[in-house]
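Letter by letter, the chains look like this.
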Amino acid sequence: MVVTQFSTRRPYGESNAPASGETRIRIRDVTLSYGPLQIIGGISLDVAAGETVCVIGPSGCGKTTLLRMLAGLAKPTSGSVELDGAGLGGPNRSVAIVFQDYGKALLPWRTAAGNVSLALEARGCRPADRPGIIRDLLEKIGLGAHADKYPGEMSGGMQQRLQIARCLAQEPKVLLMDEPFGALDAMTRQALQDEVLGLVAATGATMVFVTHDLEEAIYLGDRIVCLQPNPGRVGRIVDVSLSRPRDQLLTREDPEFLRLRRELYDLIKDDHQ
C-alpha cells in the first residue's frame, strides 16, 4: 500500500503544508463500486489540518464521488475514511460541503438570513444567539446588506456566497467544495476564490476543492491531487510552493505558476489520450 503523506510547512516559497502535521483526513485503500462498475480503485491519502488540497482530473475519474465519500454521503465498498482518527460512517457536522448547483442547494422560500439560520437550527444554536451570528457571517461573506433577500432575487455569485455562509455556520473543521465557481463569470469567480482563501485562513479549516480549472487548482492549493480514470485513482500529487497570501495578478505571473500549469496540462492531456 502506498500512502501519500503531507510535508511539513517551511517559509513562504518552499512549502505550504501546515506546521502542526496533524492529520485531519485519512483515506486508506478506498474503493467504490456500483455493481460490476468500479468508480474508485484503491485511493490512499492524508490531508493535514488547515491544508487546502485541490483535486483535478478528466471527467469520469471520480472527483465528485471521492468528495461525497469525504462528506459521508457515499460509503466505500472497501477501505476506510477517517476524520480526526475516527471512522466517518455518515454525514458529520464537522464536515460541510458546497455544491456547484447553488440554485438547488438553497431554500427558495427562506431569505438569506433564513438560509444561514437553517445550519444554526441544525446544530442546536439558541434562538437568541442566531441573529448576531447570522449578521456576522453575512457581513464576512459580503452579503450584510442582503439579509432579507430571497435566493431568487440574488445573482449567481451572491447565491454561492450565501451557500458558503450557511456552511460556515456549521463551524466545520473540513470544507468540501465541488466545482463551486464553475458556473460563474471570471471576475466573480476570482473574487470568490480570494474570499474563500481568506475565510479558510481565518478559520483554520481544512479544504478539499474539486475543480476542472487547472489555474484555480494552482491558485488555491497547497497540494494538487491528479486523479486518473477507469477506475479513479491517484496518478500524481503535486506540491504548490507559491507564497501566500496569493494575488490574482502577481501569483498568476509567477514563473512557478506557469511551470505548474504546463505540468498539470500535460498530465491531464496524457490521461485523455
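Residues numbered from 1 in each chain as written. Predicted model: local features only at pLDDT ≥ 70, side-chain atom pairs only at ≥ 80, totals over all residues. Heavy atoms only, no water.

Per an unreviewed UniProt entry, the protein chain goes by ABC transporter and derives from Rhizobium anhuiense. According to its UniProt record, the protein chain has this under Sequence similarities (unreviewed entry): "Belongs to the ABC transporter superfamily." (UniProt positions renumbered as here; feature names shortened; annotations may be inferred.)

1. Focus: the confidence of the model for the protein chain
In this model, the protein chain carries an average pLDDT of 87, and 91% of its residues clear a pLDDT of 70 or more. The low-confidence segment residues 1–19, where pLDDT is below 50, has 52 contacts with residues more than four positions distant or belonging to other chains. (pLDDT = per-residue confidence, 0-100. Contact = heavy atoms within 4.5 Å.)

2. Things to note about the sheet that holds strand 1 (residues 23–34)
As summarised here, the arrangement of the four strands in space is 2-1-4-5, forming an open sheet in which the pairing is antiparallel. Every other strand in the sheet has two partners, leaving strand 2 (37–48) and strand 5 (86–87) as the edge strands with one partner each. In terms of strand pairing, strand 4 (residues 78–83) meets strand 5 through two bridges, oriented antiparallel. Counted as the bridge partner of glutamate 82 is glycine 87 from strand 5. The sheet strands contacting helix 1 (residues 63–70) are strand 1, strand 2 and strand 4, and the helix crosses strand 1 at an angle near 120°. (Pairing = 2+ DSSP bridges. Helix = DSSP H or I, 4+ residues; strand = E, 2+ residues; numbered from the N terminus. Axes fitted to C-alpha atoms, helices over the stretch in contact; angles between N-to-C directions.)

3. Considering the pattern of salt bridges
A full pass over the atoms with the stated rule returns 18 salt bridges. Aspartate 84 is the salt-bridge partner of lysine 173, the closest N and O atoms lying 3.0 Å from each other. In this pair, lysine 173 sits in the loop between helix 5 (156–168) and strand 7 (174–178) while aspartate 84 sits in the loop between strand 4 and strand 5, placing the two residues 89 residues apart along the sequence. On the accessibility criterion, aspartate 84 (30% relative accessible area) is partly exposed. One network of salt bridges, in which partners are shared, links Glu22, Arg24, Asp84 and Lys173. (Salt bridge = Lys/Arg side-chain N within 4 Å of Asp/Glu carboxyl O. Buried < 20%, exposed > 50% of the residue type's maximum accessible area, 1.4 Å probe, protein only.)

4. A few points about the nonpolar core
Ile164 and Ile224 are the most contacted members of the largest nonpolar core, which totals 50 residues. Broken down by element, the residue count for this core peaks at six residues, all from helix 5. Beyond its immediate stretch of four places on either side in the chain, isoleucine 224 contacts Cys54, Ile56, Ala217, Ile218, Arg236, Ile237, Val238, Val240 and Leu264. Listed in part, the 29 residues of the second largest apolar core include Ile25, Val81, Leu88 and Leu227. (Core = buried A, V, L, I, M, F, W, Y, C linked by side-chain atoms within 4.5 Å.)

5. Description of the sheet that holds strand 3 (residues 52–56)
Taken together, six strands build an open sheet; the order of strands is 6-7-8-3-9-10 and the sheet is mixed. Of all the strands in the sheet, just strand 6 (95–98) and strand 10 (233–239) have a single pairing partner and so form its edges. On average, each strand axis in the sheet is inclined to that of its neighbour by 20°, with strand direction left out of account. Note: strand 7 against strand 8 (residues 206–210), five bridges, orientation parallel. From the neighbouring strand, aspartate 178 faces strand 8, where its bridge partner is valine 210. Here helix 5 sits on the sheet and contacts strand 6 and strand 7; the angle it forms with strand 6, its principal contact strand, is near 175°.

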